[in-house]
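Summary of structural features
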Amino acid sequence: NMNTETTTIKIINMTPHAVVMYKDGQVAMTFESDGVARARQSDEKVGTLLGFDTVRSVFGATEGLPEYVENTFVIVSAITGNAAKASGRRTDDLLLTSGLVRDEDGKILGCTAFALV
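So, a few notes on the structure that sits alongside this text. (Residues numbered from 1 in each chain as written. Predicted model: local features only at pLDDT ≥ 70, side-chain atom pairs only at ≥ 80, totals over all residues. Heavy atoms only, no water.)

Regarding its fold elements, the protein presents one helix and eight strands. Along the protein, helices and strands appear, N-terminal first, in the series β-β-β-β-β-β-α-β-β. Dimensions of the protein, computed from C-alpha atoms along their principal axes, come out at roughly 50 × 40 × 25 Å. When burial is assessed residue by residue, the protein has 26% of its 117 residues classed as buried. (Helix = DSSP H or I, 4+ residues; strand = E, 2+ residues; numbered from the N terminus. Buried < 20%, exposed > 50% of the residue type's maximum accessible area, 1.4 Å probe, protein only.)

And the structure:
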C-alpha cells in the first residue's frame, strides 16, 4: 500500500528529461531532472531463431543512483530500475513512468501514474 498522503515525501527525477504528471487531462506537476542515473545494458547472444540472433539483455552496474532514503522516491528509466533490481539494491523507492499521455502526433507529453520496479 503506497498511500503516503500524510507523510512528507520527496521525489527526485534521475532521468535526463522533465517528468510531467497529468491529472484529469491537465498538467498537475512537473519534476525537473535532478541528474541522471544510468545502467549499462548489453546483449549476450544465446542462439538463433529463423536465422536471427537471439539475445539476453545483461544489465551492468548502476551509475548515479542515490542510495535508499526513507520517504524519498527516485524516478528512473526502466533499464536503470532493472539493473538496480538485478544488482540486489532494494527498489521500493524506485519509480518508473506509466500511463503515457501523447499528443496527436504520438509525441509523449507526460504520464498519469508511477509504476513500481
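A cluster of nonpolar side chains, Leu49, Leu50 and Phe52, forms an exposed patch at the surface whose accessible area comes to about 420 Å². Mapped onto the elements of the fold, Phe52 is located in strand β5 (residues 52-63). (Patch = residues over 30% accessible without salt bridge, like charges linked within 9 Å, V, L, I, M, F, W, Y side chains within 5 Å. Areas by Shrake-Rupley, 256 points an atom, 1.4 Å probe, with all protein chains shown as cover. Salt bridge = Lys/Arg side-chain N within 4 Å of Asp/Glu carboxyl O.)

As a further point, take the packing of aromatic side chains. Per the counting criterion, the structure on display carries one aromatic pair. Both rings, one in Phe31 and one in Phe114, keep their centres 6.2 Å apart while their planes meet at 55°; by these two values the pair is tilted. Taken as a pair, Phe31 in strand β3 (residues 26-31) and Phe114 in strand β8 (residues 108-116) lie far apart in primary sequence, 83 residues in all. By relative accessible area, Phe31 is classed as buried at 13%. Seen from the ring of Tyr68, Arg90 lies directly overhead, with NZ or CZ sitting 3.6 Å from the centre. (Phe/Tyr/Trp six-rings, centres within 6.5 Å; stacked < 30°, edge-to-face > 60°. Lys NZ or Arg CZ within 6 Å of the ring centre and 35° of its normal.)

The next point concerns the environment of Ser57. Relative to the helices and strands, Ser57 resides in strand β5. You can call Ser57 partly exposed: its relative accessible area is 36%. A sequence separation of 36 residues divides Ser57 from Asp93, and the C-alpha atoms of the two residues are 23 Å apart. A polar contact is formed between the side chain of Ser57 and the side chain of Gln41, at a distance of 2.9 Å. (Polar contact = N/O pair within 3.5 Å; in protein donor to acceptor, adjacent residues only side chain to side chain.)

With that settled, consider the pairing of strand β4 (residues 38-49). Examined bridge by bridge, β4 and β5 share 10 bridges and lie antiparallel to one another. Each bridged residue has a counterpart across the sheet, and for Asp43 the counterpart in β5 is Ser57. Following β4, the chain reverses through two residues before pairing antiparallel with β5; Leu50 in that reversal takes a positive phi of roughly 55°. (Pairing = 2+ DSSP bridges.)

Within the secondary structure, Thr54 sits in strand β5. For Thr54, a relative accessible area of 31% gives the class partly exposed. It is 9.1 Å that separates the C-alpha atoms of Thr54 and Asp43, two residues lying 11 residues apart in sequence. Residues in contact with Thr54, not counting those within four places in the same chain, are Glu44, Lys45, Val46, Gly47, Thr48 and Leu49. (Contact = heavy atoms within 4.5 Å.)

Within the element layout of this structure, Arg89 appears in the loop between α1 (78-86) and β7 (94-102). Owing to a relative accessible area of 18%, Arg89 belongs among the buried residues under this scheme. Of note is the side chain of Arg89, whose polar atom sits 2.7 Å from the backbone oxygen of Pro66. For Arg89, the residues in contact, after removing those within four places along its chain, are Leu65, Pro66, Glu67, Tyr68, Ala84 and Leu94.

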